[in-house]
Amino acid sequence: MSLKRSLSVGLNLPSAQPGRQPLIPHTPYILLITPSDALTKLLEAQGFRVTLVSSLEAAQRAANTIIPDLVVIDQQLLAADPSRLFELRKHPALPFIPIILWGDQPISAELVGIVDGLLRRQADAAEVINQIYLGLNLSQTRRDLVQQSQHVELLYEVSKALHRSLDLEQVLQQTLQLISAALRASKASMFLFDPAGQVWRTFLLRDLTQAAATAAVKQVLEDGLAAHALREGCVQIVADTRRDPRWRTLDPDEDIGSALALPLRDHQSERYLGVMILVHPAPHHFTETIRPLAAALTEQLEVALSNATVHTRLRQAEESREAFIQMLTHDLRAPLAGMISCFDALLTTKLDSDGQLFVDLGLQAGSAQQRLIDDLLDVYRAETGAMVLHRAKVSLAAMRVAVQEQMGARAVDSGLQLIIDLPAEPLVWLDEHKIVRVLANLISNSIKWTERGGSITVTGTVTPSTVVLQVADTGVGIAPEDRPHIFDRFYQGRIRGSARGTGLGLTFCLLAVQAHSGKIDIDSTVGMGTTVTLQLPREED
């Protein structure tokens, strides 16, 4: 097992907010508000935990430290002012706790809806216990509803937080904090796996050296709670770490009473993304009651981690591709520049006809290679959104001169007539160098697929809103089945000819025109020729 990267952090998580219902039901409490202790012994004999206070004011203070499951109030304390019960009901810990009156008077109309029952003083022990159990059942039902409502709220908040970002590190930090806070854990650890099943991200409970972290992760994943979660494929709950053999104590001084392990699965690939471990110092903090919530949180986490992992790997792949392209173009250009310099030097010497021919052929091959490198780099930059436009006010007629210099000789050598008719006015706002390259690529494509004696015509018009450029040839045309693909990288058409291109020229043309917020259209008939139309929005300086 390799540990490619270890981030050792200990997250001390916030405790539950005062006044909120706990997510994990506790042992029932009964709060008795009465000057008498007549009910106390009876209830304690039944195993209830009882807190006895003699006034409503004392009950308010008691509710600040405990959350009772049931409140029993002596009617005598409300005789003078029944409305005082409203103040107790408004306490943040008591809005859903059942309140039972203890007395002999019927419940008054003003208290209907505030109290949940009446326990008569003359009732025998069996009736008292039955009434208490009814109240506790009501308390548990209300507590379950509150808990479910809180779970839905937590799941919603976790979902929002986990899907705000695709950055893996942010998702991991948010995951540890939100899931741990939702389950009221004190600390959390997480291990993530790469596609080969090796650990590639680690967040640990405590600070460890690299060697200690590696050893701890290995042991936990081999025979610890995480290993059980991965083997079983479901949430593992250890209520008491002192008595459960699934928990492996790595540090005798660690204060961990209960633990929870969440296996994280990628449901598309059916492989494990990782495992998350939560701990708490108190035994029985984690019990089976939280399994549904833990399972729901796990599903949310799995989706967020899957998306973030894919995004991270795509970003890493993109960075690798960029580094490769930069290295490739640099390594190709360096020897090519030296070769062309040698040919240029040979041109200054006296050569026989064969020597002159070979030098000319070498220069042509070098120029073709240089265009291929330029196209490759430009297409890559455009696809990544890094194509930079250097706009300026230019004359289309000036562009005609540049195009003629680049392509005129090639057209003549191929026995073709090249006609370029571009107006001098008005000036237009665009990247002259890139549009000249677009026209040169289109003309070069036409030269390849037009037989000797044919013609290539370049025209341009300027309207108040659009700059329209056209390159029309009398060549072999484009087969209908090829037209949807001619702008694809490295695509070669089905109509064959003696000259084959790289398949990047038209891709560059499309991307350069799109960078100008324009569009490119092709109209072609097999055997009659092709017309390519560029429409560029006319922009002002």
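Structure shown above.
Parameters and conventions
- Residues numbered from 1 in each chain as written.
- Predicted model: local features only at pLDDT ≥ 70, side-chain atom pairs only at ≥ 80, totals over all residues.
- Heavy atoms only, no water.
- Pairing = 2+ DSSP bridges.
- Helix = DSSP H or I, 4+ residues; strand = E, 2+ residues; numbered from the N terminus.
- Axes fitted to C-alpha atoms, helices over the stretch in contact; angles between N-to-C directions.
- Contact = heavy atoms within 4.5 Å.
- Salt bridge = Lys/Arg side-chain N within 4 Å of Asp/Glu carboxyl O.
- Left-handed = near helix turned anticlockwise from the far one by under 90°.
- Nonpolar A, V, L, I, M, F, W, Y, C, P; charged D, E, K, R; others polar.
- Phe/Tyr/Trp six-rings, centres within 6.5 Å; stacked < 30°, edge-to-face > 60°.
- Lys NZ or Arg CZ within 6 Å of the ring centre and 35° of its normal.
- Buried < 20%, exposed > 50% of the residue type's maximum accessible area, 1.4 Å probe, protein only.
- Parallel < 35°, antiparallel > 145°, perpendicular 65-115°, else oblique.

S.K.: Would you mind showing me how to read the sheet that holds strand S6 (residues 117–119) here?
M.R.: Each strand in a sheet pairs with another by means of backbone hydrogen bonds, the pair being arranged parallel or else antiparallel. Spatially, five strands are ordered S3-S2-S4-S5-S6 in an open sheet, and the strand pairing comes out parallel. In this open sheet, the two strands that pair with only one neighbour each are strand S3 (49–53) and S6. On average, each strand axis in the sheet is inclined to that of its neighbour by 25°, with strand direction left out of account. Bridging between strand S5 (residues 99–102) and S6 involves three bridges; their strand directions are parallel. For Leu101, the partnering residue across the bridge sits in S6 and is Leu118.

S.K.: How should the sheet that holds strand S13 (residues 417–421) be read in this particular structure?
M.R.: Read from one edge of the open sheet, five strands run S13-S15-S16-S18-S17, paired in mixed fashion. Edge positions in the open sheet fall to S13 and strand S17 (519–525), since each of these has one partner strand only. Along the sheet, successive strands turn relative to each other by an average axial angle of 10°, direction set aside. As paired elements, strand S16 (residues 466–473) and strand S18 (residues 529–537) share seven bridges and run antiparallel to each other. Within the sheet, the bridge partner assigned to Ala472 lies in S18 and is Thr531. Here helix H12 (residues 505–515) sits on the sheet and contacts S17 and S18; the angle it forms with S17, its principal contact strand, is near 140°.

S.K.: Looking at this structure, how should I read the pattern of salt bridges?
M.R.: Pairing between side chains becomes possible if they bear opposite charge and their charged atoms approach one another. What the rule picks out here adds up to seven salt bridges. Among the salt bridges present, the one from Arg243 reaches Asp240, with a minimum N-O distance of 2.5 Å. The structure contains a network of salt bridges with shared partners spanning Asp240, Arg242 and Arg243.

S.K.: Just to check I follow, could you spell out the pairing of S18 for this structure?
M.R.: The side chains of a regular strand alternate between the sheet's two faces. Examined bridge by bridge, S17 and S18 share seven bridges and lie antiparallel to one another. Bridge pairing in S18 places Ile520 opposite Leu534. From the end of S17 to the start of S18, which pair antiparallel, there are three residues, and Gly527 there has a positive phi angle of about 85°.

S.K.: Whenever I open this one, the packing of helix H11 (residues 432–448) against H12 confuses me. Can you help?
M.R.: Two packed helices can be described by the angle between their axes and the distance between those axes. At a minimum axis separation of 9 Å, H11 and H12 run at an interaxial angle of 145°. For the crossing formed where H11 meets H12, the hand is left-handed. Taking contact as the criterion, the partners of Lys434, Arg437, Val438, Asn441, Leu442 and Asn445 in H11 are, on H12, Gly505, Leu506, Phe508, Cys509 and Ala512. Within the contact of H11 with H12, the residues separate by chemical class into six nonpolar, three polar and two charged.

S.K.: How should the packing of aromatic side chains be read in this particular structure?
M.R.: Here the distance between the centres and the angle between the planes together describe a pair of aromatic rings. Per the counting criterion, the structure on display carries one aromatic pair. Over the ring of Tyr29 we find Arg49; its NZ or CZ atom is 4.1 Å from the centre of that ring. Lying over the aromatic face of Phe508, Arg437 brings its terminal NZ or CZ to 4.3 Å of the ring centre.

S.K.: What exactly am I supposed to notice about the side chain of His280 here?
M.R.: Looking at the element boundaries, His280 is found in strand S11 (residues 271–280). Judged by its relative accessible area of 17%, His280 falls in the buried class. Ignoring anything within four residues of it in the chain, the contact list for His280 reads Arg184, Ser186, Ile256, Gly257, Ser258, His285 and Phe286.

S.K.: Sorry if this is basic, but what is going on with the environment of Val436 here?
M.R.: Relative to the elements of secondary structure, Val436 occurs in helix H11. Residue Val436 is classed as buried on the basis of its relative accessible area of 4%. Sequence spacing of Val436 and Ala402 is 34 residues, and the spatial spacing of their C-alpha atoms is 7.1 Å. If near-sequence neighbours (up to four positions away) are discounted, Val436 is found in contact with Met399, Ala402, Val403 and Gln406.

S.K.: Would you mind showing me how to read the packing of helix H6 (residues 210–223) against helix H7 (residues 225–232) here?
M.R.: Packing of H6 against H7 leaves a shortest axis separation of 5 Å and a crossing angle of 45°. The orientation of H6 relative to H7 falls into the category oblique. Taken as a pair, H6 and H7 cross one another with a handedness that is right-handed. Residue-level inspection shows Val220, Leu221, Glu222 and Asp223 of H6 in contact with H7, the latter providing Leu225, Ala226, Ala227, His228, Leu230 and Arg231. Partitioned by chemical class, the residues of the contact of H6 with H7 number six nonpolar, one polar and three charged.

S.K.: Looking at this structure, I do not really get the environment of Asp37. What am I missing?
M.R.: When you line up the elements, Asp37 lands in the loop between strand S2 (29–33) and helix H1 (40–45). With a relative accessible area of 46%, Asp37 lands in the partly exposed category. For the pair Asp37 and Ser54, spaced 17 residues apart in sequence, the C-alpha to C-alpha distance is 9.3 Å.

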